[in-house]
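# Descriptive analysis of the structure
Next come the chains, spelled out residue by residue.
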Amino acid sequence: MSHQANPQPTSSQNRSIPRRVLIVGGVAGGASCAARLRRLDESVEIAVFDRGPYVSFANCGLPYYVGNVIVDERALLVASPELFRARFNVEVQTETEVTGIDRRARTITVRDGRTGTSRTERYDVLVLAPGAAPIRPPLPGVDLPGVFAVRTIPDSRRIRTWMAERRATTAVVVGGGFIGLEMLENLIHRELSVALLEKLPQLMPPLDPEMAVPLMEHLAAKGVRLHVGDGLARIEAREGGSLVVVAESGARLPADLVILAIGVRPETTLAKDAGLHIGPRGGIVVDAQMRTSDPHVWAVGDVVEVHDVVTGQDTVLPLAGPANRQGRVAAESIAGRATHFRGVQATAVVGVLGLTVASTGASEKGLRRVGVTNFQKVYLHPGHHAGYYPGARRIHLKLLFSVPDGRILGAQAVGLEGVEKRIDVIATAIQFHGTVHDLAEAELCYAPQFGAAKDPVNLAGMLAANVLNGDMPVADWLELARTDALLVDVREPEEFAGGHVPHAINLPLSQLRRRYGELPKDRDLWICCRVGQRAYYATRFLAQHGYRARNLSGGYTTYEAFRAAGLVP
Ligand code: FAD
C-alpha cells in the first residue's frame, strides 16, 4: 500500500446537488462502507450494486450452513436491501452487475441480471468492493457437476441440494487452508467420509510446518484421509454421476462431491479495464485512506493490496475483519475525515473438529522470505489453565520476536482450548508495537478454570526475555543435523527410553547436581527435556558452572513435530 498525502476533504455539505456515491459489491467491505458513510453524512446519495441475490450476508457462515450447523439460510442474512433502504436510506440493487467504469465521464455501466438490460449510472465517488473469487485451476474436470467452490449463499445451497439428491457419502476437499478445513469439518458433521488433498507438504500455509503437525495428527486421528504434498491433476466423472479426484501422484480418490478451496484471487477485472493501478500481488493499489490511483475511486476488502505492519511488505489478505475496517476507513475518508487504515498483521483462526489453530503476525518462513534474520523463537506447550484444575489442555505455542529489541513479530498456537484468546492478546500487543517484556508483564485474567497465575502469554514473554537477556540461550532445531554439540536429555531414564533425539545422552535433571562433572566444558551442550522447562533449569545450572549450554526450545515435544514435518533427522 502506498501512503500518499491525505486526500482533500470531500464532504458534500453545503452543496446543492447531492454527491452520488456508488458502491460495487455489498458484502463485508461495501456494506460497511455504505452504513458508515450514511452515519457520517446524511446529504450524500448512496447506491450499492451487487450481482448476487443478497447483500450483507455472512460468507464466513457458509461452511456451517453446508454442515447444517446453521439450519436456516435466513440466519446468514445480516441485513436486507429493505433494511438498508429504511434504516440508512441506501439504495441497494441486487442481481445488478457492474460491467464497466468510464473514469473520464465518471459513470459505471450496470447490467440488470433479471432483464439483461444495461444502463449507465453517474458517480461522484466510486467504491470498489467486489471481493475475491475462488481460484479454479485450468485442469480437466474442474467444471464437472459435483465440483463446487464456496463463496455465496447459492453456492452453499447447491452443495446442500447435491448432497441430499445424491445421498452423498464421500467427499474430497482440495486445499488445506481455512476454507478447506471449515468445509471438511462440516462435511464430516454431515457424516461424509472426507479425504483432503493439499499440494504443500503441510496444512494451513500461514503456519510454520512444524506448527501444522498437531493439526495433521488431529485430523488423521479423526479419520480424515490426508494427502499432503500431492496436488490435483484432474477430476474424472464416473458412471452414475460420482467423481474421482486424481492426484499428481496418481492416487485416485473417489467422491460424491468435490470442494475446491485452493485460494482466492482479487476480482480486479473492472479495475484493470478502467486502468487503475494494480500491484505486484494482484490487488488494487490504495493509499492509507483506501483511495486508488484515481482520486474519485476508493477500493476496499479482498480486492486491495494491504500493508503488512510486521514484514513491511504489501500483500493481499482476504479476511473479513480487514474488509470491514477498510469499508469504514473509506467511508470516513469520503466524508472528509483524516482517518487511515493501519495495515494488517494477518491475525486469523480456524476451528476444525475440536481443534483450534490461530496465528498473528509473521511466520518464521514469512520472515525468511522477506530477508529478516534478526529474530529468535521460543516454543512452549503449557496447559490452557492451571494444571491442578481438572481438564487442562495443552496449547502448542510458538513466539517469534526480533533481536535485540524484543519486538513481537508473530505467534502461532494450536490446541483444544484457549488458543484464540492467547493469540488475540499477542495480536493486540503487536498492534501496540509491544515487546516480549510486555507479554511477560501482561496482567491477564486468572482463576483456575480460565488460566494460570503465569498465563501461557506471560510464559511465552518470560521465555523470550530469558533468551534476550542471555539467561536461556536457545539452540535451533533446524541446526540439529549440522551441529557437533553434545545433546543432553535431562528427562528421567524411563522417559528417555520412550523416545529421544538421535545421539542424545541421558543425564536426568534429578542427578545433574552430583553428576555434572561428567559433561565436557569444551563443547557446546544442547539440553533437551519434554517441553523445555527442565532443560531451562539445567541450562541455568550448567551456565553458572561454566558450561556452554543451550536449551532446545519446546523439548522433545517440539522435536517430534519437527521430525513429523520432515525438518530434522
Ligand atoms: P465479498 O464479501 O466477497 O463481497 C463482494 C461482493 O461483490 C460479492 O457479493 C460479489 O457478488 C460482488 N461483486 C463482485 N463483482 C461485482 C460486480 N462487478 N458487480 C456487482 N457486484 C459484484 N474471513 C474471516 O476473517 N474469517 C472467516 O471465518 C472467514 N470465513 C470465510 C468462509 C468462506 C466460505 C468464505 C468464502 C470467506 C470467508 N472469509 C472469512 C473471508 C471473508 O468472507 C472475506 O474476506 C470478506 O467477505 C471480503 O469482503 P469483501 O467485501 O471484500 O468481498
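Notes on the structure follow. (Residues numbered from 1 in each chain as written. Predicted model: local features only at pLDDT ≥ 70, side-chain atom pairs only at ≥ 80, totals over all residues. Heavy atoms only, no water.)

What follows concerns the overall build of the chain. When helices and strands are tallied, the chain shows 16 helices and 30 strands. For the chain, the C-alpha radius of gyration of 27 Å lies close to 25 Å, the compact-globule estimate for 569 residues. By principal-axis analysis of the C-alpha atoms, the chain measures approximately 90 × 65 × 40 Å. Residue burial in the chain is summarised as follows: out of 569 residues, 54% are buried. In the chain, the share of contacts with a sequence separation of at least 24, taken over all contacts with a separation of at least 6, comes to 63%. A total accessible area of about 24,600 Å² is found for the chain, and carbon and sulfur atoms account for 51% of it. (Helix = DSSP H or I, 4+ residues; strand = E, 2+ residues; numbered from the N terminus. Rg over C-alpha atoms; globule rule 2.2 N^0.38 Å. Buried < 20%, exposed > 50% of the residue type's maximum accessible area, 1.4 Å probe, protein only. Contact = heavy atoms within 4.5 Å. Areas by Shrake-Rupley, 256 points an atom, 1.4 Å probe, with all protein chains shown as cover.)

This brings us to the sheet that holds strand E26 (residues 474-475). Read across the open sheet, the five strands follow the order E26-E30-E29-E27-E28; overall the sheet is parallel. Every interior strand has two partners, whereas the edge strands, E26 and strand E28 (505-506), have only one. In terms of strand pairing, strand E27 (residues 486-489) meets strand E29 (residues 525-528) through four bridges, oriented parallel. Following the sheet pairing, Leu487 is matched in E29 by Trp526. (Pairing = 2+ DSSP bridges.)

So, on to the sheet that holds strand E13 (residues 232-237). Working definition: the strands of a sheet are paired by backbone hydrogen bonds and lie parallel or antiparallel to each other. The strand order across the open sheet formed by three strands is E13-E14-E15, and the pairing between neighbours is antiparallel. Edge positions in the open sheet fall to E13 and strand E15 (252-255), since each of these has one partner strand only. Mean inter-strand twist for the sheet, computed between neighbouring axes without regard to direction, equals 20 degrees. (Axes fitted to C-alpha atoms, helices over the stretch in contact; angles between N-to-C directions.)

With that settled, consider the environment of Gln326. Mapping Gln326 onto the fold places it in helix H8 (residues 320-334). As for Gln326 and Arg540, which are separated by 214 residues in sequence, their C-alpha atoms are 48 Å apart.

Applying the stated criterion to the full structure yields 33 salt bridges. Glu91 serves as the salt-bridge partner of Arg85, at 3.6 Å between the closest nitrogen and oxygen. Overall, the relative accessible area of 36% leaves Glu91 in the partly exposed class. Notably, a salt bridge pairs Asp524 with Arg548, separated by 2.7 Å at the nearest N-O pair. Note that Asp524 is positioned in the loop between helix H14 (509-515) and E29 and Arg548 in the loop between helix H15 (533-544) and strand E30 (549-552), a separation of 24 residues in sequence. What makes Arg548 partly exposed here is its relative accessible area of 43%. When salt bridges with common partners are traced through the structure, they connect Asp208, Glu210, Glu364, Arg368, Lys377, Lys398 and Asp476 into a single cluster. (Salt bridge = Lys/Arg side-chain N within 4 Å of Asp/Glu carboxyl O.)

By nearness alone, 29 residues border the ligand, and Gly29, Asp50, Val98, Asp302 and Ala320 come closest of all. Between the ligand and Asp302 there is a distance of 2.8 Å, counted from an oxygen atom to a side-chain nitrogen or oxygen. Measuring from an oxygen atom of the ligand, one finds a backbone N or O atom of Pro318 at 3.4 Å. Notes on the ligand: free accessible area 990 Å², of which the protein chains cover 89%. Elements supplying a minimum of two residues to the shell around the ligand: helix H1 (28-40), strand E4 (96-102), helix H5 (178-189) and H8. Top element by residues in the shell around the ligand is E4. It accounts for three residues. In terms of residue class, the shell around the ligand is built from 16 nonpolar, six polar and seven charged. (Near = heavy atom within 4 Å. Polar contact = N/O pair within 3.5 Å; in protein donor to acceptor, adjacent residues only side chain to side chain. Nonpolar A, V, L, I, M, F, W, Y, C, P; charged D, E, K, R; others polar.)

Bringing the packing of aromatic side chains into the picture now. Using the criterion set out here, one finds nine aromatic pairs in the structure. Each ring, one from Tyr379 and one from Phe562, has its centre 5.7 Å from the other, and the planes form 80 degrees; the classification is edge-to-face. Here the residue Tyr379 occupies a position in strand E23 (residues 375-380), and Phe562 occupies one in helix H16 (residues 555-564), the gap between them amounting to 183 residues. Here Tyr379 and Phe562 have matching classes, each one buried. When the ring of Tyr516 is compared with that of Phe541, the centres are 5.1 Å apart and the planes differ by 80 degrees; the resulting orientation is edge-to-face. (Phe/Tyr/Trp six-rings, centres within 6.5 Å; stacked < 30°, edge-to-face > 60°.)

So, about the nonpolar core. By size, the foremost hydrophobic cluster in this structure holds 55 residues, and its most contacted members are Leu219, Leu257 and Trp477. Ranked by residue count, the leading element in this core is helix H6 (residues 209-221), at five residues. In contact with Leu257, not counting residues within four places along its chain, are Gly146, Phe148, Ile159, Trp162, Met163, Ala168, Thr170, Ala171, Val172, Leu192 and Leu243. Ranked by size, the runner-up nonpolar core spans 53 residues in total, among them Val24, Leu37, Val44 and Val306. (Core = buried A, V, L, I, M, F, W, Y, C linked by side-chain atoms within 4.5 Å.)

Look at H6: 19 Å from first C-alpha to last across 13 residues, which is about the 18 Å you get at 1.5 Å a residue. Of the positions making up H6, those classed as buried are Glu210, Met211, Ala212, Val213, Pro214, Leu215, Met216, His218 and Leu219. In the segment just after H6, Gly223 is the residue with positive phi, at about 90 degrees. (Expected span 1.5 Å × (residues − 1).)

Where E26 and E30 come together, two bridges link them in parallel fashion. Residue pairing across strands places Val474 opposite Asn551, the latter belonging to E30. Two strands pair when backbone bridges link them, and E29 and E30 are joined in this way by three bridges, in the parallel orientation. Note that in E30 the partner of Leu525 across the bridge is Ala549.

This next bit is on unusual backbone geometry. The peptide bond linking Val403 to Pro404 adopts the cis configuration, its omega dihedral lying at 10 degrees. The residue Pro404 is located in the loop between strand E24 (395-402) and strand E25 (408-415) in this model. If you check the backbone angles, Ser56 has positive phi at about 45 degrees while not being a glycine. For Ser56, the position within the fold is in the loop between strand E2 (45-49) and helix H2 (62-66).

Together, Tyr388, Tyr389 and Tyr446 make up an exposed nonpolar region whose accessible area comes to about 350 Å². Within the secondary structure, Tyr388 is located in the loop between E23 and E24. Residue Tyr388 is classed as exposed on the basis of its relative accessible area, which comes to 60%. (Patch = residues over 30% accessible without salt bridge, like charges linked within 9 Å, V, L, I, M, F, W, Y side chains within 5 Å.)

Attention shifts here to the packing of H1 against H8. Between two packed helices, both the angle of their axes relative to each other and the distance between the axes serve to describe the pair. Between H1 and H8, the least distance of the axes is 7 Å, while the angle of their chain directions is 35 degrees. As H1 packs across H8, the resulting crossing turns out to be right-handed. Seen from H1, the contacting residues are Ala28, Gly29, Ser32, Cys33, Arg36, Leu37, Arg39 and Leu40; seen from H8, they are Ala323, Asn324, Gly327, Arg328, Ala330, Ala331, Glu332 and Ile334. (Left-handed = near helix turned anticlockwise from the far one by under 90°.)

The values reported here are purely geometric and, on their own, carry no functional implication.
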